[in-house]
Amino acid sequence: DTGVSQDPRHKITKRGQNVTFRCDPISEHNRLYWYRQTLGQGPEFLTYFQNEAQLEKSRLLSDRFSAERPKGSFSTLEIQRTEQGDSAMYLCASSSPRGGAFFGQGTRLTVV
Amino acid sequence: AQTVTQSQPEMSVQEAETVTLSCTYDTSESDYYLFWYKQPPSRQMILVIRQEAYKQQNATENRFSVNFQKAAKSFSLKISDSQLGDAAMYFCAYRTGTASKLTFGTGTRLQVTL
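All figures in this text were calculated on a predicted structure; none of them were measured in a lab.

A. Focus on the overall build of chain A. Looking only at helices and strands, one finds zero helices and eleven strands in chain A. Ordering the α and β elements of chain A from the N terminus gives β-β-β-β-β-β-β-β-β-β-β. The C-alpha radius of gyration computed for chain A amounts to 13 Å, which stays within 12% of the reference 13 Å derived for 112 residues, consistent with globular compactness. Relative to its full complement of 112 residues, chain A shows a buried share of 46%. Considering only residue pairs separated by 6 or more positions, chain A has 53% of its internal contacts joining residues 24 or more positions apart. With the model as given, the accessible surface of chain A reaches about 5,800 Å², and the carbon-plus-sulfur share is 44%. Of the charged side chains in chain A, 15 are positive and 12 negative, and the gap between their average positions amounts to 3 Å.

Written out as structure tokens, the structure is:
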């Protein structure tokens, strides 16, 4: 399978705990994106990497959120001190410079 | 700021018929791309079709085609010979040529009936 891979698929955590998600993009894609989607809404942009550089971060993104792409390949998204409002589907996507973005299956986060 | 508007929250089509989903966008850029994504109940977003703004010819992918009206900033998706498997949320999306992030519309839920 050469698509975008995300792990875990589901995560249930208690409020206040930290969680980390992983994304493995399509290998030849140098661009990687994180989005968040809540029920009935379109995906909302969180952050974007070109190779290992984080080039854009949504102003809506709380300081509790951090993302890395240390070697320009896989990426991690960490949420610290989770809140119930963080419950959502977290989507990762990758693309080549002028291509369409290909999405992974997402990580569904539930904060209880 | 770029915005994408999908004015049809829900649409319904009979199997084998044709349906058109509407999308309008607002931008001051000249170099940009437009996309339609499909999101079935399994929730994985699937790229259906893309259109480069500099191309006058409308994109086509099998039963899916677009009507790209650049001056009107309109980008509709036509699905021909609709199949039950076409039932999903459809999102219109935009990005500039040099970026970065996709901006999505709010989606249209397509139902396909027998």
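B. Up close: the interface of chain B and chain A. The partner chain A presents 25 residues to the 21 residues of chain B that form the contact. Between chain B and chain A, roughly 1,900 Å² of surface is buried when both sides are summed, and carbon and sulfur atoms account for 46% of that area. For the chain B face of the interface with chain A, the top three residues by lost area are R43(B), Q44(B) and S100(B), together amounting to 32%. Inspection of the chain B/chain A interface yields one salt bridge.

C. Molecular detail of the nonpolar core. Grouped together as the largest cluster of nonpolar side chains are 25 residues, with contacts concentrated most on Y25(B), W36(B), F75(B), L77(B) and Y90(B). Put simply, the parts of the chain that give this core at least two residues each are strand 3 (19–21), strand 5 (32–39), strand 6 (46–52), strand 8 (64–69), strand 9 (74–79), strand 10 (88–96) and strand 12 (108–113) of chain B. The element that contributes the greatest number of residues to this core is strand 10 of chain B, accounting for four residues. If we skip the residues at most four places from it in the chain, Y25(B) touches T3(B), V4(B), Y32(B), L34(B), F68(B), K70(B), K73(B), S74(B), F75(B) and Y94(B). Counting residues in hydrophobic clusters, the runner-up holds 19 residues, among them F21(A), L46(A), L77(A) and I79(A).

Calculation notes
Residues numbered from 1 in each chain as written. Chains lettered and ligands numbered in written order. Predicted model: local features only at pLDDT ≥ 70, side-chain atom pairs only at ≥ 80, totals over all residues. Heavy atoms only, no water. Helix = DSSP H or I, 4+ residues; strand = E, 2+ residues; numbered from the N terminus. Rg over C-alpha atoms; globule rule 2.2 N^0.38 Å. Buried < 20%, exposed > 50% of the residue type's maximum accessible area, 1.4 Å probe, protein only. Contact = heavy atoms within 4.5 Å. Areas by Shrake-Rupley, 256 points an atom, 1.4 Å probe, with all protein chains shown as cover. Lys, Arg positive; Asp, Glu negative; His and termini not counted. Charge placed at Lys NZ, Arg CZ, Asp CG, Glu CD. Buried area = accessible area lost by both parts, 1.4 Å probe. Salt bridge = Lys/Arg side-chain N within 4 Å of Asp/Glu carboxyl O. Core = buried A, V, L, I, M, F, W, Y, C linked by side-chain atoms within 4.5 Å.

Read these as geometric descriptors, not functional statements.
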